[in-house]
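A closer look at the structure
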Amino acid sequence: MKIYISADIEGVTGVTHWDDTRLGHTEFAYAARQMTREVAAAARAAFEMGASDVLVKDAHGTGRNLLLEELPERLRVHRGWDNSPYSMMAEVDGGFDAVLFVGYHSAGGSDANPLAHSFNSSKLESIFINGERASEFIFNYYLAAKHGVPTLFLSGDEGLAVEARTFDKNIYSVGVKSSLGDSTLNVSAKKGAELIYDGVKQALTKKDVHPIYPEKFDVIFRFRHHQDARRASFYPGVEQVDEVSVRVVSEDFLDIARAKMFIV
Ligand SMILES: [Zn+2]
(Lines give C-alpha, C1' and ligand atoms only; values in the text may rest on other atoms or scores of the structure.)
Protein backbone atom coordinates (compact mmCIF):
# COMPACT_ATOMS: atom_id res chain seq x y z
CA MET A 1 0.00 0.00 0.00
CA LYS A 2 1.33 3.40 -1.08
CA ILE A 3 0.07 6.50 0.70
CA TYR A 4 0.29 10.14 -0.37
CA ILE A 5 0.02 12.89 2.29
CA SER A 6 -0.47 16.55 1.38
CA ALA A 7 0.18 18.77 4.40
CA ASP A 8 -0.75 22.42 4.90
CA ILE A 9 -0.42 24.55 8.03
CA GLU A 10 -3.52 26.79 8.42
CA GLY A 11 -5.54 23.79 9.62
CA VAL A 12 -2.94 22.59 12.14
CA THR A 13 -3.88 22.58 15.85
CA GLY A 14 -3.35 26.01 17.42
CA VAL A 15 -2.48 27.92 14.25
CA THR A 16 -4.61 31.09 14.32
CA HIS A 17 -2.79 34.12 12.87
CA TRP A 18 -0.89 34.67 9.62
CA ASP A 19 2.28 35.30 11.69
CA ASP A 20 2.02 31.66 12.85
CA THR A 21 2.32 30.49 9.25
CA ARG A 22 5.32 32.49 8.05
CA LEU A 23 8.85 31.16 8.00
CA GLY A 24 11.00 33.64 9.91
CA HIS A 25 8.31 34.73 12.41
CA THR A 26 8.92 33.72 16.04
CA GLU A 27 5.46 32.10 16.23
CA PHE A 28 6.28 29.93 13.21
CA ALA A 29 8.47 27.58 15.28
CA TYR A 30 5.44 26.15 17.08
CA ALA A 31 3.37 25.85 13.91
CA ALA A 32 6.13 23.99 12.04
CA ARG A 33 6.70 21.68 15.01
CA GLN A 34 2.99 20.89 15.34
CA MET A 35 2.59 20.42 11.57
CA THR A 36 5.48 17.95 11.78
CA ARG A 37 3.90 16.20 14.77
CA GLU A 38 0.57 15.82 12.95
CA VAL A 39 2.18 14.55 9.73
CA ALA A 40 4.29 12.13 11.76
CA ALA A 41 1.16 10.83 13.51
CA ALA A 42 -0.59 10.26 10.15
CA ALA A 43 2.48 8.56 8.66
CA ARG A 44 3.02 6.33 11.71
CA ALA A 45 -0.60 5.19 11.53
CA ALA A 46 -0.24 4.50 7.79
CA PHE A 47 2.92 2.40 8.30
CA GLU A 48 1.24 0.47 11.13
CA MET A 49 -1.71 -0.21 8.80
CA GLY A 50 0.70 -1.83 6.34
CA ALA A 51 1.84 1.02 4.09
CA SER A 52 5.08 0.17 2.30
CA ASP A 53 5.66 3.74 1.14
CA VAL A 54 4.46 7.11 2.41
CA LEU A 55 5.23 10.26 0.44
CA VAL A 56 4.46 13.60 2.09
CA LYS A 57 4.16 16.83 0.17
CA ASP A 58 5.11 19.83 2.32
CA ALA A 59 2.44 22.03 0.76
CA HIS A 60 2.49 25.36 2.58
CA GLY A 61 4.18 28.63 1.68
CA THR A 62 7.82 27.89 0.92
CA GLY A 63 7.18 24.14 0.93
CA ARG A 64 9.93 23.97 3.57
CA ASN A 65 8.11 23.75 6.88
CA LEU A 66 8.39 20.16 8.11
CA LEU A 67 11.21 19.27 10.50
CA LEU A 68 12.64 16.25 8.73
CA GLU A 69 14.63 14.91 11.67
CA GLU A 70 11.42 14.43 13.64
CA LEU A 71 9.58 12.44 10.96
CA PRO A 72 9.43 8.62 10.74
CA GLU A 73 12.56 7.23 9.10
CA ARG A 74 10.80 5.56 6.15
CA LEU A 75 8.85 8.65 5.13
CA ARG A 76 9.78 10.41 1.87
CA VAL A 77 9.34 14.19 1.90
CA HIS A 78 8.75 16.47 -1.09
CA ARG A 79 10.04 19.99 -0.25
CA GLY A 80 9.77 23.22 -2.24
CA TRP A 81 7.68 23.53 -5.42
CA ASP A 82 7.80 21.48 -8.61
CA ASN A 83 6.51 24.25 -10.93
CA SER A 84 3.74 22.00 -12.28
CA PRO A 85 -0.07 22.27 -12.14
CA TYR A 86 0.00 19.56 -9.45
CA SER A 87 1.60 21.98 -6.96
CA MET A 88 0.30 20.89 -3.50
CA MET A 89 -0.10 17.38 -5.00
CA ALA A 90 3.32 17.14 -6.68
CA GLU A 91 4.28 13.58 -7.72
CA VAL A 92 0.80 12.11 -7.11
CA ASP A 93 -0.07 9.41 -9.66
CA GLY A 94 -2.06 6.21 -10.10
CA GLY A 95 0.54 4.22 -8.16
CA PHE A 96 -0.85 5.49 -4.85
CA ASP A 97 -3.67 3.72 -3.02
CA ALA A 98 -4.96 6.67 -0.99
CA VAL A 99 -4.48 10.35 -0.22
CA LEU A 100 -4.51 11.84 3.28
CA PHE A 101 -4.80 15.60 3.85
CA VAL A 102 -3.30 17.01 7.07
CA GLY A 103 -3.57 20.59 8.37
CA TYR A 104 -6.00 21.73 5.67
CA HIS A 105 -8.22 24.82 6.02
CA SER A 106 -11.59 26.16 4.91
CA ALA A 107 -12.01 27.96 1.58
CA GLY A 108 -11.87 31.65 0.83
CA GLY A 109 -15.32 33.06 1.62
CA SER A 110 -15.85 30.69 4.61
CA ASP A 111 -15.94 31.90 8.25
CA ALA A 112 -14.79 28.54 9.65
CA ASN A 113 -11.12 29.53 10.01
CA PRO A 114 -9.58 33.00 10.59
CA LEU A 115 -7.09 31.99 7.87
CA ALA A 116 -9.71 30.74 5.38
CA HIS A 117 -8.46 31.29 1.84
CA SER A 118 -8.09 29.59 -1.53
CA PHE A 119 -4.53 29.44 -2.88
CA ASN A 120 -3.10 32.92 -3.53
CA SER A 121 -5.30 34.94 -1.15
CA SER A 122 -4.00 38.33 -2.29
CA LYS A 123 -5.30 37.61 -5.82
CA LEU A 124 -8.09 35.07 -5.53
CA GLU A 125 -11.29 35.56 -3.55
CA SER A 126 -12.88 32.16 -4.19
CA ILE A 127 -13.25 29.23 -6.56
CA PHE A 128 -16.50 27.54 -7.57
CA ILE A 129 -16.54 24.05 -9.09
CA ASN A 130 -19.84 22.99 -10.71
CA GLY A 131 -21.65 25.70 -8.73
CA GLU A 132 -20.19 24.86 -5.31
CA ARG A 133 -17.57 26.92 -3.48
CA ALA A 134 -14.42 24.80 -3.56
CA SER A 135 -11.63 24.64 -0.99
CA GLU A 136 -8.00 23.78 -1.71
CA PHE A 137 -8.93 20.33 -0.39
CA ILE A 138 -11.60 19.81 -3.10
CA PHE A 139 -9.25 21.12 -5.80
CA ASN A 140 -6.46 18.78 -4.71
CA TYR A 141 -8.89 15.89 -4.21
CA TYR A 142 -9.71 16.04 -7.95
CA LEU A 143 -6.02 16.06 -8.91
CA ALA A 144 -5.69 12.66 -7.20
CA ALA A 145 -9.14 11.47 -8.33
CA LYS A 146 -8.07 12.09 -11.93
CA HIS A 147 -5.64 9.17 -11.43
CA GLY A 148 -8.26 7.05 -9.68
CA VAL A 149 -6.72 7.67 -6.25
CA PRO A 150 -9.31 8.15 -3.46
CA THR A 151 -8.97 10.49 -0.49
CA LEU A 152 -9.59 8.62 2.76
CA PHE A 153 -8.63 11.11 5.46
CA LEU A 154 -8.57 14.82 6.24
CA SER A 155 -7.60 16.84 9.31
CA GLY A 156 -7.99 20.58 9.70
CA ASP A 157 -10.50 23.08 11.00
CA GLU A 158 -13.90 21.72 12.00
CA GLY A 159 -15.71 23.52 9.17
CA LEU A 160 -13.57 21.79 6.55
CA ALA A 161 -13.76 18.45 8.37
CA VAL A 162 -17.56 18.54 8.10
CA GLU A 163 -17.35 19.67 4.47
CA ALA A 164 -14.99 16.81 3.58
CA ARG A 165 -17.12 13.98 4.97
CA THR A 166 -20.27 15.55 3.52
CA PHE A 167 -18.62 15.80 0.10
CA ASP A 168 -17.36 12.19 0.10
CA LYS A 169 -18.74 9.79 2.70
CA ASN A 170 -15.62 7.61 2.38
CA ILE A 171 -13.50 10.32 3.98
CA TYR A 172 -12.76 10.04 7.70
CA SER A 173 -12.23 13.61 8.86
CA VAL A 174 -11.00 15.16 12.09
CA GLY A 175 -11.51 18.78 13.22
CA VAL A 176 -8.80 20.01 15.60
CA LYS A 177 -10.20 23.52 16.05
CA SER A 178 -13.30 25.63 15.60
CA SER A 179 -13.35 29.34 14.90
CA LEU A 180 -15.12 32.60 15.72
CA GLY A 181 -13.92 35.78 14.04
CA ASP A 182 -10.17 36.03 14.45
CA SER A 183 -10.08 33.36 17.19
CA THR A 184 -9.76 29.59 17.29
CA LEU A 185 -10.78 27.07 19.94
CA ASN A 186 -8.33 24.17 19.85
CA VAL A 187 -7.71 20.73 21.27
CA SER A 188 -4.25 20.37 22.88
CA ALA A 189 -1.26 19.84 20.61
CA LYS A 190 -0.90 16.26 21.87
CA LYS A 191 -4.61 15.53 21.43
CA GLY A 192 -4.53 16.92 17.87
CA ALA A 193 -1.83 14.42 16.93
CA GLU A 194 -3.67 11.58 18.70
CA LEU A 195 -6.93 12.32 16.86
CA ILE A 196 -5.02 12.20 13.57
CA TYR A 197 -3.25 8.95 14.44
CA ASP A 198 -6.53 7.26 15.44
CA GLY A 199 -8.37 8.77 12.46
CA VAL A 200 -5.86 7.54 9.87
CA LYS A 201 -5.97 4.03 11.38
CA GLN A 202 -9.75 4.07 11.03
CA ALA A 203 -9.62 5.60 7.53
CA LEU A 204 -7.23 2.98 6.15
CA THR A 205 -9.55 0.09 7.02
CA LYS A 206 -11.62 1.17 3.96
CA LYS A 207 -10.99 -0.88 0.82
CA ASP A 208 -11.98 -0.57 -2.86
CA VAL A 209 -13.01 3.06 -2.63
CA HIS A 210 -13.60 4.99 -5.86
CA PRO A 211 -13.17 8.75 -5.82
CA ILE A 212 -15.79 11.19 -7.07
CA TYR A 213 -14.88 12.53 -10.52
CA PRO A 214 -17.63 14.42 -12.37
CA GLU A 215 -18.00 14.09 -16.16
CA LYS A 216 -17.34 17.80 -16.55
CA PHE A 217 -15.74 20.56 -14.47
CA ASP A 218 -17.29 24.02 -14.83
CA VAL A 219 -15.02 26.23 -12.76
CA ILE A 220 -15.25 29.91 -11.81
CA PHE A 221 -12.19 31.74 -10.51
CA ARG A 222 -13.29 34.89 -8.69
CA PHE A 223 -10.50 37.46 -8.28
CA ARG A 224 -10.23 40.34 -5.82
CA HIS A 225 -9.34 42.84 -8.57
CA HIS A 226 -10.95 43.29 -11.97
CA GLN A 227 -7.50 43.72 -13.57
CA ASP A 228 -6.61 40.11 -12.77
CA ALA A 229 -9.84 38.79 -14.32
CA ARG A 230 -9.18 40.73 -17.53
CA ARG A 231 -5.61 39.44 -17.68
CA ALA A 232 -6.78 35.85 -17.06
CA SER A 233 -9.39 36.10 -19.82
CA PHE A 234 -6.59 36.05 -22.44
CA TYR A 235 -5.43 32.55 -21.41
CA PRO A 236 -6.60 29.95 -24.00
CA GLY A 237 -10.01 28.51 -23.10
CA VAL A 238 -10.71 31.07 -20.38
CA GLU A 239 -13.87 33.17 -20.63
CA GLN A 240 -14.59 36.31 -18.60
CA VAL A 241 -18.04 36.09 -16.96
CA ASP A 242 -18.20 39.33 -14.95
CA GLU A 243 -15.87 42.13 -13.81
CA VAL A 244 -13.90 39.93 -11.44
CA SER A 245 -14.62 36.33 -12.57
CA VAL A 246 -13.52 33.96 -15.31
CA ARG A 247 -14.74 30.51 -16.28
CA VAL A 248 -12.85 27.41 -17.42
CA VAL A 249 -14.65 24.23 -18.52
CA SER A 250 -13.08 20.82 -19.12
CA GLU A 251 -13.63 17.10 -18.66
CA ASP A 252 -10.02 16.81 -17.49
CA PHE A 253 -9.27 18.41 -14.13
CA LEU A 254 -5.63 18.84 -15.13
CA ASP A 255 -6.82 21.48 -17.64
CA ILE A 256 -8.39 23.39 -14.74
CA ALA A 257 -5.22 23.11 -12.65
CA ARG A 258 -3.11 24.15 -15.64
CA ALA A 259 -5.23 27.26 -16.19
CA LYS A 260 -4.99 28.11 -12.48
CA MET A 261 -1.20 27.78 -12.61
CA PHE A 262 -0.99 30.54 -15.23
CA ILE A 263 -3.91 32.86 -14.38
CA VAL A 264 -3.77 33.02 -10.56
ZN1 LIG B 1 -1.05 27.07 3.63
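The rules we used
Residues numbered from 1 in each chain as written. Predicted model: local features only at pLDDT ≥ 70, side-chain atom pairs only at ≥ 80, totals over all residues. Heavy atoms only, no water. Phe/Tyr/Trp six-rings, centres within 6.5 Å; stacked < 30°, edge-to-face > 60°. Helix = DSSP H or I, 4+ residues; strand = E, 2+ residues; numbered from the N terminus. Lys NZ or Arg CZ within 6 Å of the ring centre and 35° of its normal. Buried < 20%, exposed > 50% of the residue type's maximum accessible area, 1.4 Å probe, protein only. Pairing = 2+ DSSP bridges. Contact = heavy atoms within 4.5 Å.

**So, the packing of aromatic side chains**
- Going through the model one piece at a time under the given rule, you end up with 16 aromatic pairs.
- Seen from their ring centres, Y142 and F167 are 6.0 Å apart, and the 85° between their planes marks the pair as edge-to-face. You can see Y142 sitting in helix α2 (residues 136–145) and its partner F167 sitting in helix α3 (residues 158–167), a full 25 residues away along the chain.
- Taken together, the aromatic side chains of F101, Y104, F119, F137, F139, Y141, Y142, F167, Y213, F217 and F253 make up a single cluster linked through ring pairs.
- The ring of F96 is capped by K2, whose NZ or CZ atom sits 4.6 Å from the centre of that ring.
- The lysine or arginine in question, K260, covers the ring of F119, its NZ or CZ lying 4.2 Å from the ring centre.

**Structural notes on the pairing of strand β10 (residues 217–223)**
- Burial analysis of β10 places five of its seven residues in the buried class, which makes it a mostly covered element.
- Sheet analysis places strand β5 (residues 124–129) next to β10, joined by five bridges and oriented antiparallel. In the sheet register, I129 faces β10, and the bridge partner there is V219.
- Sheet topology note: the β10/strand β12 (residues 245–250) ladder contains six bridges and is antiparallel.

**Let's talk about helix α6 (residues 253–263)**
- Looking at α6, one finds that the buried residues are F253, L254, I256, A257, A259, K260 and I263.
- For α6, the secondary structure elements touched by its buried residues are β5, α2, β10, α5 (226–232) and β12.

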